[in-house]
Amino acid sequence: MTVAEQSTPVHGIPCWVSLMTRDLRDTQDFYGTVLGWSFRSGTLGEGFTVALVDGLPVAGIGQIAPGLPTAVSWTPYFAVENADATTARVRERGGTIAVGPIRLGPGRGAVAADREGAGFGFWEGRTPPWSFGRDHPPASLELRTSHAFDSAIFYAEVFDWASEEPGGCEVGYAYQQDTVVVRQGGRTVATLRGGGDASSPDPPVDSPADGTEAVIRDPDGGIFTVCAHPPDPL
């Protein structure tokens, strides 16, 4: 994926997902076998690779530096117009900044946590076409939190959701289900579900009885969900 093939995604939309792991080779073998991913070298330096499906980028997987006490977890990234302004918004609303913003290849990125401790990142700059212009994106983001509405307020204020700007993200709330759905361009890009344990944001849940969804923990501890088909819109 060259710089020329990259584009600038809509502000506030999920634009990437990455995993930092302790054993890059074993992790590649696992996801290659389970999900059929192939890999190529990334543009962010040695020890960082890009996972591909049918030649299209779907995720980044990097090597944690030896001895660094970093948890192994998948981190979603959101596109922003200004990383510095977004950093200020996160802090003003009770979130924390763990890393950055720092220059990484063609853009600037940062890693943060919301008020309940759920990790996320944001990115200023061009990206591979992970989250826009496709009828079937490679992934759908879902956060399980103690209060979906409160979490939605945090993210909406940080990323300008529901700002009514042309082409921006729209937000819908289902009160009885304590679920918030974020849509852009007519498709769901993120879902926030309430009822989770505030001390452990984004916990795994039991799979549905019909077997269309399963929560998996990789050998290094990274948790992800696989679905036989996209969830029905609320």
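One can find the structure itself at the top, above this paragraph.
Residues numbered from 1 in each chain as written. Predicted model: local features only at pLDDT ≥ 70, side-chain atom pairs only at ≥ 80, totals over all residues. Heavy atoms only, no water.

Peer 1: Account for the packing of helix α2 (residues 83–92) against helix α3 (residues 148–159), naming residues and giving values.
Peer 2: Interhelical geometry of α2 versus α3 gives an angle of 150 degrees and a closest axis separation of 9 Å. Classified by the angle between their axes, α2 and α3 sit roughly antiparallel to one another. Of the two elements, α2 crosses α3, and the hand of that crossing is right-handed. Of α3, the residues touching α2 (which contributes T86, R89 and V90) are F154, E157, V158 and F159. In the contact of α2 with α3, the residues fall into four nonpolar, one polar and two charged. (Axes fitted to C-alpha atoms, helices over the stretch in contact; angles between N-to-C directions. Helix = DSSP H or I, 4+ residues; strand = E, 2+ residues; numbered from the N terminus. Parallel < 35°, antiparallel > 145°, perpendicular 65-115°, else oblique. Left-handed = near helix turned anticlockwise from the far one by under 90°. Contact = heavy atoms within 4.5 Å. Nonpolar A, V, L, I, M, F, W, Y, C, P; charged D, E, K, R; others polar.)

Peer 1: So what about the packing of aromatic side chains? Which residues, and what values?
Peer 2: Applying the stated criterion across every chain, the model contains 18 aromatic pairs. Taking 5.4 Å as the distance between ring centres and 15 degrees as the angle between the ring planes, the aromatic pair formed by Y31 and W37 counts as stacked. Taking relative accessible area as the criterion, Y31 reaches 0% and is therefore assigned buried. Ring geometry for F159 against W161: centres 6.3 Å apart, planes inclined by 35 degrees, an arrangement best described as tilted. Exposure class is identical for F159 and W161. Each is buried. Every member of this aromatic cluster is reached through a ring pair, and the members are F78, F120, F154, Y155, F159 and W161. (Phe/Tyr/Trp six-rings, centres within 6.5 Å; stacked < 30°, edge-to-face > 60°. Buried < 20%, exposed > 50% of the residue type's maximum accessible area, 1.4 Å probe, protein only.)

Peer 1: Describe the sheet that holds strand β12 (residues 187–193), naming the residues involved and giving the relevant values.
Peer 2: With mixed pairing, the four strands of this open sheet are ordered in space as β9-β12-β11-β10. The sheet terminates laterally at β9 (141–144) and β10 (170–174), the two strands that pair on one side only. Averaged over all neighbouring strand pairs, the angle between strand axes comes to 20 degrees, with direction disregarded. For β9 and β12, the ladder comprises four bridges, and the chain directions are parallel. When the sheet's bridge partners are listed, R144 is paired in β12 with R193. On the sheet, α3 packs against β9, β10, β11 (179–184) and β12 and is oriented at approximately 125 degrees with respect to β12. (Pairing = 2+ DSSP bridges.)

Peer 1: Before we move on, could you go through the nonpolar core and cite the residues and values that matter?
Peer 2: As a rule of thumb, nonpolar side chains are buried together in soluble globular proteins. Core analysis: the biggest nonpolar cluster contains 34 residues, and V90, F120, F122, Y155, F159, W161 and L192 have the highest contact counts within it. By residue number, the principal contributor to this core is α3, which donates six residues. With 14 residues, the next largest nonpolar core counts Y31, W37, I64 and W74 among its residues. (Core = buried A, V, L, I, M, F, W, Y, C linked by side-chain atoms within 4.5 Å.)

Peer 1: Describe the pairing of β12, listing the residues and the values that go with them.
Peer 2: Of all seven residues in β12, five are buried; the element is thus mostly enclosed. Strand direction decides the pairing type here: β11 and β12, joined by six bridges, are antiparallel. Within the sheet, the bridge partner assigned to Q184 lies in β12 and is R187. In textbook terms, the turn of a hairpin is the stretch between consecutive antiparallel strands, and for β11 and β12 this stretch comprises two residues, one of which, G185, has a positive phi near 65 degrees.

Peer 1: So what's going on with unusual backbone geometry? Which residues, and what values?
Peer 2: With an omega dihedral of 5 degrees, the bond running from G100 to P101 counts as a cis peptide bond. By the element assignment, P101 lies in strand β6 (residues 96–104). The backbone phi angle of D54 is positive, close to 55 degrees, even though this residue is not glycine. Position of D54 relative to the elements: it lies in the loop between β3 (48–53) and β4 (56–63).

Peer 1: Now, about helix α1 (residues 24–35): what can you tell me, with residues and values included?
Peer 2: Over its 12 residues, α1 runs 16 Å from end to end, which matches the ideal 16 Å to within 8%, given 1.5 Å per residue. Inspection of α1 places L24, T27, Q28, F30 and Y31 among the buried residues, and these make up the whole buried set. An end-on view of α1 places all buried positions within 160 degrees of arc, on one side of the element. Among the exposed residues of α1, those pointing more than 90 degrees away from its buried face are R25 and T33. The N-cap residue of α1 is D23: its side-chain oxygen and the backbone nitrogen of R25 are 3.4 Å apart. Directly beyond the C-terminal end of α1, a positive phi value near 75 degrees is found at G36. (Expected span 1.5 Å × (residues − 1). Arc of directions from axis to C-beta. Polar contact = N/O pair within 3.5 Å; in protein donor to acceptor, adjacent residues only side chain to side chain.)

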